Amino acid sequence: MTITLITEGSMAEAEAGAGVEVGESASRNWKELIPDALGVIFKKLPLREALTAVPCVCKPWRSVAVGPRCWQEIDIQEWSRTSAPAQLDRMLRLLIPRSDGSLRKLCISGLAGEDSFSFVAGRARSLQTLCLPRCSVPGPALENGAAAGVFANIVCLDLSYCLTVGARALEAIGTNCPSLATLLRVMDLMEVINGPPQDDEALAIAATMPRLRRLEITHLQLRRTSSAREIIQRCTRLELLDIRGCWEVHLDEDFTRGFPGLRVIGPHFPDSHSTYGWDVVSSDHHGFLAWDFVVGDPDLDDEWEDYLGTSDEEEEEEEEEEEEYYYTTTDDDDEEEEEEEEEDADDDEDY
């Protein structure tokens, strides 16, 4: 998005060229801006402002701020990493209903419990991107959700670091997710290095997800090269396969040469900071905390300030006090030095 700085002169020129009388723009009522335009603007704001400041401006703005125009994409992945399951569940129950069934993207870390997943599943049938890293939702719940059509429109799915997900859940998702093009199944090496083989997951992916274009299975515990071969042979649209950390997989050049449209990364780590020409699934994260639940309630500001820590205004006041103390102390020291110098001068004269 390009932002242009408009000066008074350029604004006047633009208005004159558009046939607008000078001074007319100053009398415009911004709350009468069409809701679709307001929705576009509010989505560009940091989440804290969108949730707490905007709804307090006026009724038309509040109507847009709590409506589906602002909540078709919900990304709370960064905040959820350090939040308790109860807080996480409460946040979902606050934000998802605002989408009014039009939620296209949901990114959340550490989703726990079947109840929370059932809430998401029952209100997010239009999802196209679903990121659930480190979720601990039971495998059977995922299987039942897939069978019920929860993943029917999913294009991008992130189930990284999820220890409760297994081959059966992946098979159910693949069978009931015909549009799936991107799957992230990255594992934490320290959590799986002493665990059982995960070749059955690779075979489930190969058997049920033929339309995949991007697959990341970093540190998935594959014990057989044939598992990776099966994925390559059956997922014929695959363009990127990331098998970094799958050290027991050995794909020779003669085999991969038969798939010119495929780029295989791994099993070694050539560059951990490269995205290899692909955009990440989740968008930029916005950190925000549980103040979302007190939107428009100024009486609870003090309570949430205790939760969030020192506010910016308090920090500025503390800095000013420190500066004032510093300068006051310095002035006192200077006066004491001047007095001592005068006393020394008097003694010299007497001598």
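Owing to the predicted nature of the structure, the values given are computational and were not obtained by experimental measurement.

Moving on, we come to the confidence of the model for the protein. A residue-level look at the protein finds 67% of positions with pLDDT of 70 or above and a mean pLDDT of 76. Every residue in residues 272-311 is under pLDDT 50, and counting partners more than four places away or in other chains gives 79 contacts.

Per the stated rule, a full pass over the model turns up three aromatic pairs. An angle of 55 degrees between the planes, with centres 5.3 Å apart, marks the rings of Phe255 and Phe259 as tilted. By relative accessible area, which is 26% here, Phe259 ends up partly exposed. One residue, Arg93, lies across the ring of Phe119, its end atom 4.5 Å from the ring centre.

This brings us to the packing of helix α8 (residues 139-147) against helix α9 (residues 167-175). In the contact formed by α8 and α9, the axes pass within 8 Å of each other and the chain directions differ by 10 degrees. The pairing of α8 with α9 is recorded here as roughly parallel in orientation. Judged by residue contacts, Gly139, Leu142, Glu143 and Ala146 of α8 engage Arg168, Ala169, Ala172 and Ile173 from α9. Taken together, the residues that form the contact of α8 with α9 break down as five nonpolar, one polar and two charged.

Once that is clear, we can look at the nonpolar core. Counting residues in each nonpolar core, the largest one holds 73 residues, and the members touching the most others are Leu106, Phe151, Leu157, Leu215 and Ile217. Elements that contribute at least two residues to this core include exactly α2 (35-43), α4 (59-65), α6 (85-95), α7 (114-123), α8, α9, α11 (199-208) and α12 (225-234). For this core, the element with the most residues is α9, which contributes five residues.

Before going further, it helps to examine the pattern of salt bridges. Inspection of the entire model under this criterion finds 13 salt bridges. Between Asp252 and Arg229 there is a salt bridge; the shortest N-O distance is 3.2 Å. Placement of the pair is Asp252 in the loop between β7 (240-242) and α13 (253-256) and Arg229 in helix α12, with a sequence separation of 23 residues. We classify Arg229 as partly exposed; its relative accessible area is 26%. With a closest N to O distance of 2.9 Å, Asp254 and Arg257 form a salt bridge. The burial state of Asp254 is the same as that of Arg257; both residues are exposed. Salt bridges sharing partners connect three or more residues here, namely Arg134, Asp188 and Glu191.

About the thresholds
- Residue indices follow the written sequence of each chain, beginning from 1 at its first position.
- At least 70 in pLDDT is required for a residue's local features to be given in this predicted model, at least 80 for side-chain atom pairs to be given and counted, and no such filter applies to totals for whole chains, interfaces and linings, which use all residues.
- Side-chain descriptors were evaluated using all non-hydrogen atoms of the structure, hydrogens and water having been removed beforehand.
- Every residue is assigned a pLDDT by the predictor, reflecting its confidence on a scale from 0 to 100.
- Contacts are assigned to residue pairs with any non-hydrogen atoms lying within 4.5 Å of each other.
- For this analysis, a ring pair means two rings from Phe, Tyr or Trp (six-membered ring only for Trp) whose centres lie within 6.5 Å, classed as stacked if their planes differ by under 30 degrees, edge-to-face if by over 60, and tilted for the remaining angles.
- Each residue's exposure class comes from its accessible area (1.4 Å probe, protein chains only) as a fraction of the maximum for that residue type: buried when under 20%, exposed when over 50%, partly exposed otherwise.
- Our definition puts a charge over a ring when NZ of Lys or CZ of Arg is within 6 Å of the ring centre and also within 35 degrees of the ring normal.
- Here the axes come from fitting lines to C-alpha atoms, over the contacting stretch only for helices, and the angles between their N-to-C directions go from 0 to 180 degrees.
- Secondary structure elements are taken from DSSP: a helix is a run of H or I of four residues or more, a strand is a run of E of two residues or more, and numbering for both begins at the N terminus.
- By the definition adopted for this analysis, an angle is roughly parallel if under 35 degrees, roughly antiparallel if over 145, roughly perpendicular if from 65 to 115, and oblique otherwise.
- Ten residues, namely Ala, Val, Leu, Ile, Met, Phe, Trp, Tyr, Cys and Pro, are considered nonpolar, four, namely Asp, Glu, Lys and Arg, are considered charged, and the remaining ones, Gly among them, are considered polar.
- Within this scheme, the nonpolar core is defined by two criteria: the residues are buried Ala, Val, Leu, Ile, Met, Phe, Trp, Tyr or Cys, and they are joined through side-chain atoms within 4.5 Å.
- In the sections that follow, a salt bridge refers to a side-chain nitrogen of Lys or Arg positioned within 4 Å of a carboxyl oxygen of Asp or Glu.

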